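# Survey of secondary and tertiary structure
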Amino acid sequence: GFFRMNFDPATEKFQLNTEKQFSAYLCTGILNDKENHLWVATTKGLFRQNPHRAQVAVADLAPSFEERYPNFAFDDVVVVGDRLYAASRGEAGLFVFDKHSLQLQKQVLFQNGDPRTNQIRSLAVSDASTLMVGTHGPLVFYSMVTGKDRVEVPKGWHLHEDWTSDLFKDSKGD
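Structural notes, computed from the coordinates.

### Side note on the sheet that holds strand β10 (residues 104-108)
In spatial order, the strands read β7-β8-β9-β10; together these 4 strands make up an open sheet with antiparallel pairing. Two strands bound the open sheet, and with one partner strand each, they are β7 (73-80) and β10. Taking each pair of neighbouring strands and ignoring which way they run, the sheet shows an average axis angle of 20°. The pairing of strand β9 (residues 94-98) with β10 spans 4 bridges and is antiparallel. Residue pairing in the sheet places Phe97 in a bridge with Leu104 of β10.

Structure, rendered in structure tokens:
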């Protein structure tokens, strides 16, 4: 689960709501999209809250996923246009959902010879057509247009020792 915190910019004070949200779930990622939908990635699925209705939509995966990927969990989410990209642990790769219906469009398993790249910890939009994918191995760039990926090894990176824990952009968008 998680706790909600409110920030008042006028007073520069935080207020913690002590009621635990999603208390029955391990929440691994939270995103508030441009339409003010709250997305919650959990070990049991992907949830979308609609602030205009008192309901939560759930993106379910086939039961065979649990058999094939017993340590599966969604870890991070990014919305680009009408698609929602979800990172997963348990070597299940990247998932692409229709943002409105939550229907799974495809599962992307990177075929670059390093199975650690399908253990995804974080996602960030690099540009209008590319996702940066932080993995338990090297950094991967995924084209949302062509579906192709390329591994990037930053200077000073130890390929078989280093991994990406999270990805961030600075205040300039870099």
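### Some thoughts on the pattern of salt bridges
Enumeration according to the criterion identifies 3 salt bridges in this entry. Across the salt bridge formed by Arg89 and Asp75, the nearest N and O atoms sit 2.6 Å from each other. Taken as a pair, Arg89 in strand β8 (residues 83-89) and Asp75 in strand β7 lie far apart in primary sequence, 14 residues in all. A salt bridge links Glu152 to Arg150; the nearest nitrogen and oxygen atoms lie 2.7 Å apart. Classification of Glu152 by relative accessible area gives partly exposed; the value is 32%.

### Regarding the packing of aromatic side chains
By the definition in use, this model includes 4 aromatic pairs. With 5.5 Å between their ring centres and 80° between their planes, Phe74 and Phe95 make a pair best called edge-to-face. Of the two residues, Phe74 sits in strand β7 while Phe95 sits in strand β9, which places them 21 residues apart along the sequence. An aromatic cluster is defined as three or more aromatic residues linked by ring pairs; in this entry it consists of Phe74, Phe95 and Phe97. Seen from the ring of Phe141, Arg150 lies directly overhead, with NZ or CZ sitting 4.5 Å from the centre.

### Description of unusual backbone geometry
In this structure, Glu91 is a non-glycine residue whose phi angle is positive, near 60°. On the secondary structure map, Glu91 appears in the loop between β8 and β9. Its relative accessible area of 43% is what places Glu91 among the partly exposed residues. One non-glycine residue, Leu102, lies in the positive phi region at around 60°.

### Quick word on the pairing of β9
Most of β9 is tucked away, with 5 of its 5 residues classed as buried. Covered by surrounding structure in β9 are Leu94, Val96 and Asp98 together with Phe95 and Phe97, the residues of both alternating faces. Alignment of β8 against β9, held across 5 bridges, turns out to be antiparallel. By the bridge assignment, Tyr85 is partnered in β9 with Val96. Hairpin remark: β8 followed by β9, antiparallel, with 4 residues in the connecting loop; positive phi at Gly90, about 85°. Hairpin connection from β9 to β10: 5 residues lie between these consecutive antiparallel strands, with Leu102 at a positive phi of about 60°.

### Here we look at the sheet that holds strand β11 (residues 120-127)
Strand order in the open sheet formed by 4 strands is β11-β12-β13-β14, and the pairing between neighbours is antiparallel. This sheet does not close on itself; its edge strands, each paired only once, are β11 and β14 (149-152). In this sheet, neighbouring strand axes are inclined to one another by 25° on average, regardless of whether the strands run parallel or antiparallel.

Calculation notes
- Residues numbered from 1 in each chain as written.
- Predicted model: local features only at pLDDT ≥ 70, side-chain atom pairs only at ≥ 80, totals over all residues.
- Heavy atoms only, no water.
- Pairing = 2+ DSSP bridges.
- Helix = DSSP H or I, 4+ residues; strand = E, 2+ residues; numbered from the N terminus.
- Axes fitted to C-alpha atoms, helices over the stretch in contact; angles between N-to-C directions.
- Salt bridge = Lys/Arg side-chain N within 4 Å of Asp/Glu carboxyl O.
- Buried < 20%, exposed > 50% of the residue type's maximum accessible area, 1.4 Å probe, protein only.
- Phe/Tyr/Trp six-rings, centres within 6.5 Å; stacked < 30°, edge-to-face > 60°.
- Lys NZ or Arg CZ within 6 Å of the ring centre and 35° of its normal.

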